[in-house]
Structures are given as C-alpha cells and as structure tokens.
Amino acid sequence: MLQPTGKVSRVFTGTETRDFDRRAIEEFSIPGIRLMHRAGRSAFEALRARWPDARSITVVCGSGNNAGDGHVIAGLAKDAGLDVQLVQVADPDRLAGDALEASRFAAARLGADIPQAANDWSVQGDVIVDALLGTGAKGSVRDAYQAAIDRINAAARPVLAIDVPSGVDADSGGLLTSRPVRADLTITFVAAKLGLVTGVAVDYVGEVLFDRLGVPEAVYDRPGVAVLNGEGLTALTRRPDAHKGDFGRLLIVAGDADMGGAALLAGEAALRTGAGLVNIATHETNRAAVLARRPELMVRAADSPGDIADLLAGANAIAVGPGLGRREWGRELLLAVSLAGKPLVVDADGLNAVAETGMELPAGTVITPHPGEAARLLGKDSAWIQANRPEAAARLSETGAGVVAVLKGAGTLIARDGTLESVCVNGNPGMATAGSGDVLTGIVGALLARGLEPVAAADLGVWLHARAGDEAQAGRAGNLIASDLIDALRLDP
C-alpha cells in the first residue's frame, strides 16, 4: 500500500534496506522476482495515478535491481497500451539474476531484445522513469550515467524516480554528483529511506511515496530512525486546578548589546510553549525594548554572572546562546550557566563559544546547531556537514557526555550517544529566516523547564517548531518571519 513518507513511523538507510531485501528472500522465502514485480506494478500504478493523460513513457535503466524494476514497468506499460521507449544505458550483458529475468519480461512484450542505448538517444516519452541508480550507488557517477541523467533533466518532462533519484545517496541525503536526477515523484520500496528526507536530497526527490511490498514486519530486525509525530504532546495538557508553578521556571541568557530581538523571540516562544515563568538575562541596552514588547517576560540586565546568581539557582532549566555575541561578556555568562547544574539547551553564539574555547557541556545538554555551527563544533566545513548529515549528527552527540544533538536544516536530525534517533520530515524552506532558531531554543527550553527529559524535549520541540512553520506558511504568498512561527505555535494535537 502506498503512503507518503510523512505518514511512516521510521526510516532506514539504503544499506539497511538491502539487508531487509536479503532477509525477505532468504529467511522468509519471498522470491526476489516477486518483490521486483510488486515494485514495478506499484510504481506503474503510481505513474498512472499521477499522470493519467500520459500516452508514452521513457524508462531509463542501469544494471542492478533498480533496472529490473524499470524493465517490469516497461512491460506493464506496454501491456496497458502505452508507447514505451526503454533506454538500456548499461550493457545488457551485465544484467543478472532477477534483473535479467525482468528484462526478459520486458523484451517479450516489446517484441525484441533490449540493446544497449546509443550515445545520442533522446527522450520520447510523456513521462520519464528513472531506473538508473538505486540504493547501492556510491562514489562518483560514471560518465555514461551522468550523460543519461543530464538528458533526463534537460527533457523537461515529468520524472518518476524508482527507489531514489539517480545521484542521490540513499544513506545520507547527500549527492553523488552535482547534477542528480530532479524527480517530481519518487516511490521507494521495502523501507522508507533516510536519504530521501534529509539534507540536499530533499531538493531532488519531489513527492515521496513508500510501498512496503508486503514484506513481513519480522524482516525489520532493527529500530531504524523514528519519524517525529508529536508524541508526548498530550502530556502537556493542563489540569483544571493548575497554576503557573506547575510548569517550570525557564531562564534565558541571551542578547548582547543591540541583539535583544533574539532574546525576545526565544522568550515569547517559551511562553507560548507553556513555561510557567520566563526570566531573561540580557544586556542592559535591551531591557526596556523587550519589556515594551512583551511585559509577561521577566527581564533583568546582566553585567556579570553575579547579577543572575539567584536566577540560576531558581531556574528549572536554562536556555543560552541566542544573540549572545562573541565578546567575553557572553562567554562568562555561558560558563556560569554550564556550571549551574540545570537542564540546558545551547544554541547560536553559545555554540560558537563552545567551539572556540573547547568548553565542556554538562551531561544531558541539548545543542541545536545549524550546519555552519555544526561545522565549527566538528572542525569541518558546512559542505561536509550537508553531505554527511546522519554521521554529523551522531558525532555532534559525542561532543559531551549525554549530549543530545539537534542538527537543524531540511530533515532536522536528533542524535544521542553517537546514535541517530529521530528525524523531522515536517517544515518548509520559509523557516530559513533570521530568528527561527531562537524560537526553537525557546520551545525546547520551555519543555525542559516543564520537566521533559532532554531527548523528549528535543523531539517534541523540533516537531512543534516544524508544525508551526508549516501552518504559518499555509496560504501565505510572502516569506515567513520568525514571529509568524510563534503566532502559529499551538499545543493541541
């Protein structure tokens, strides 16, 4: 049964999926060719549903099982009365096993053996099926395959990608080439792929549908990466006799001179997430402006850590970093915060200070870097982070004992103790705006103050932030600003 990836509960790497394929065939006695025919039929039905007026298709094939799926689609399309152009980019002699059997299925319907395509082929179909490279593709893309990818993209026809657009890494969401197939629809099989929902890949996959192909649940012998769904939200419901003391006291340390907006955004977000009381410690130049905008916040000018000793002692959780600046003032406050022994979320300039000083964060700290901040923490560059997001998230969670790492971006990833635990498939490009991260910091800080454990606060906070972004963007023609996320933030299921 086809379903959008946003409705699945977990995703897996391409490597894990190939092992599931093997287990289904070897341990559960499902013939590989049967799975291939199920995949081909599922993809063909998705093609017909998406482009019902198409009268012809071009199927572009490589040499592996992905190509076998393509040959099944070509045969089914011919049976359905469509004109079929089957472009066999790889040498047909390289087809083996189930893929070879699938090629015979196609050849019987097309009325001839399938030769290797000439170098000057051109797209003839109304819809293109990309069956070139599958989940096992690694390393650089060979010239003949790159030429085929370029022809697919240049044809300006709708594209259905089988399992993964050619040139996209199914494990990481990185790219194997700077010019991968840009699909309109990707249908992925057996397991939904992590590489389709995070990183640069999301620009190329189009709509993503998943079909388990009837594989038994017992095949899935590992937990995978959880897809965030708002679990834990109902626990935030307030009792009729509740009072503000039940919902925690959050201290936000943020905003060097003339950067009070970051503190304000984090504070407003924390209030909307239900923290019982929110204190802000900020530079004295910001105090009046923050109070004028949001009198519900408790704002104190902080010249040194001694000015907030009582706030540190009384807080249930602390958020630090938004607009903190790069001066010694911010570093001194960060150090005091790190020694307070309270649940902690660190973002923005707080993370930059950690990267520059090597400061050790307390156990259980939640860090929320964007790719640039992540690069500084890991001694890499942003390009490496984006090409290796799952690995980067896992390594970020090893920067301190029990650190929970939230690697922001398309398909935000959450890791703990060197293990990738969850991914958020909600959110949209409009959220890439100044202050959006400050809002997330306030949300996660409020959840920590309300008593959630670090991983639970990170998971639910990221999901609430993304849902607010989607609802703020819905029906809006213009760009989002961070305040829109706060306005759209809600705690009902």
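Structural notes, computed from the coordinates. (Residues numbered from 1 in each chain as written. Predicted model: local features only at pLDDT ≥ 70, side-chain atom pairs only at ≥ 80, totals over all residues. Heavy atoms only, no water.)

A count of helical and extended segments in the protein chain gives 16 helices and 18 strands. Rg of the C-alpha trace for the protein chain: 26 Å, near the compact-globule value of 23 Å for 493 residues, within the 12% margin. Once the C-alpha set of the protein chain is aligned to its principal axes, its extents read approximately 85 × 45 × 45 Å. Per-residue burial for the protein chain yields a buried fraction of 57% across its 493 residues. (Helix = DSSP H or I, 4+ residues; strand = E, 2+ residues; numbered from the N terminus. Rg over C-alpha atoms; globule rule 2.2 N^0.38 Å. Buried < 20%, exposed > 50% of the residue type's maximum accessible area, 1.4 Å probe, protein only.)

This structure, assessed with the given rule, holds three aromatic pairs. Judged by centre distance (5.0 Å) and plane angle (90°), the ring pair of phenylalanine 12 and phenylalanine 20 falls under edge-to-face. Of the two residues, phenylalanine 12 and phenylalanine 20, neither departs from the other in class, the shared state being buried. Ring pairs connect the aromatic residues Phe12, Phe20 and Tyr220, which therefore count as one cluster. Over the ring of phenylalanine 247 we find arginine 238; its NZ or CZ atom is 3.7 Å from the centre of that ring. One Lys or Arg, lysine 380, reaches over the ring of tryptophan 384 and ends 4.8 Å from the middle of that ring. (Phe/Tyr/Trp six-rings, centres within 6.5 Å; stacked < 30°, edge-to-face > 60°. Lys NZ or Arg CZ within 6 Å of the ring centre and 35° of its normal.)

A few words on the packing of helix H10 (residues 349-357) against helix H11 (residues 371-378). Two elements in contact, H10 and H11, have axes whose closest approach is 8 Å; the angle formed by their N-to-C orientations is 20°. If you check the angle between H10 and H11, you find them roughly parallel. Seen from above, H10 lies across H11 with left-handed handedness. The residues of H11 that touch H10, namely those facing Leu351, Asn352, Val354 and Ala355, are Glu373, Arg376 and Leu377. Its residues assigned to classes, the contact of H10 with H11 shows four nonpolar, one polar and two charged. (Axes fitted to C-alpha atoms, helices over the stretch in contact; angles between N-to-C directions. Parallel < 35°, antiparallel > 145°, perpendicular 65-115°, else oblique. Left-handed = near helix turned anticlockwise from the far one by under 90°. Contact = heavy atoms within 4.5 Å. Nonpolar A, V, L, I, M, F, W, Y, C, P; charged D, E, K, R; others polar.)

Residues Ile252, Ile280, Val439 and Leu464 are the most contacted members of the largest nonpolar core, which totals 51 residues. Of all the elements in the fold, those that place two or more residues in this core are strand E10 (249-253), helix H6 (260-272), strand E11 (277-282), strand E13 (317-320), strand E16 (404-407), helix H14 (436-449), helix H15 (454-473) and helix H16 (482-488). Among the elements that make up this core, the one with the highest residue count is H15 (ten residues). Apart from residues lying up to four places away in sequence, isoleucine 280 is in contact with Ile252, Ala263, Gly267, Val290, Leu297, Met298, Val299 and Arg300. Ile33, Val129, Ala131 and Val219 belong to the second-largest nonpolar core, a separate cluster that totals 48 residues. (Core = buried A, V, L, I, M, F, W, Y, C linked by side-chain atoms within 4.5 Å.)

Residues Glu284, Asp303, Asp307, Glu328 and Glu332 make up a contiguous surface patch of negative charge. Relative to the elements of secondary structure, glutamate 328 occurs in helix H9 (residues 328-338). A relative accessible area of 49% places glutamate 328 in the partly exposed class. (Patch = residues over 30% accessible without salt bridge, like charges linked within 9 Å, V, L, I, M, F, W, Y side chains within 5 Å. Areas by Shrake-Rupley, 256 points an atom, 1.4 Å probe, with all protein chains shown as cover. Salt bridge = Lys/Arg side-chain N within 4 Å of Asp/Glu carboxyl O. Lys, Arg positive; Asp, Glu negative; His and termini not counted. Charge placed at Lys NZ, Arg CZ, Asp CG, Glu CD.)

The strand order across the open sheet formed by eleven strands is E2-E9-E18-E17-E16-E15-E14-E13-E10-E11-E12, and the pairing between neighbours is mixed. Looking at which strands have only one partner, the edges of the open sheet turn out to be strand E2 (10-11) and strand E12 (298-301). Here strand E15 (residues 366-367) runs beside E16; their pairing, made up of two bridges, is parallel. Among the inter-strand pairings, isoleucine 367 is bridged to a residue of E16, identified as alanine 405. Contacts between H15 and the sheet are confined to E15, E16, strand E17 (413-416) and strand E18 (419-423), with E16 contributing the most and set at about 15° to the helix. (Pairing = 2+ DSSP bridges.)

Now for the pattern of salt bridges. Within this structure, the stated rule accounts for 30 salt bridges. A salt bridge links aspartate 241 to arginine 239; the shortest N-O distance between them is 3.0 Å. The partly exposed category is assigned to arginine 239, whose relative accessible area is 48%. Bridged by salt links that share partners, the residues Asp19, Arg22, Arg23, Glu26, Glu27, Asp221 and Arg222 form one connected network.

Moving on to the pairing of strand E6 (residues 159-162). Within a regular strand, side chains alternate between the sheet's two faces. On E6, burial covers both faces: Val159 and Ala161 on one face and Leu160 and Ile162 on the other are all buried. As judged from the three bridges shared by strand E5 (residues 127-131) and E6, these two strands associate in the parallel manner. Bridging from a neighbouring strand, aspartate 130 pairs with alanine 161 of E6. What joins E5 to E6 is helix H5 (residues 143-154), and the crossover it makes is right-handed. Note that E6 and strand E7 (residues 185-189) share three bridges and pair parallel. Considered in E7, the bridge of leucine 160 is made with leucine 185. (Right-handed = clockwise from strand over helix to strand, strands pointing away.)

Turning our eyes to something else, we now look at the environment of alanine 117. Considering the arrangement of structural elements, one finds alanine 117 in the loop between helix H4 (97-110) and E5. Overall, the relative accessible area of 24% leaves alanine 117 in the partly exposed class. Considering only alpha carbons, one finds alanine 117 and histidine 465, 348 residues apart in sequence, at a separation of 49 Å. Excluding its chain neighbours within four sequence positions, the residues that come into contact with alanine 117 are Val87 and Gln88.

Time to look at the side chain of lysine 408. Looking at the secondary structure, you find lysine 408 in the loop between E16 and E17. Residues within four places of lysine 408 in sequence aside, it is in contact with Asp347, Thr368, Pro369, His370, Pro371, Arg389, Gly437 and Leu440.

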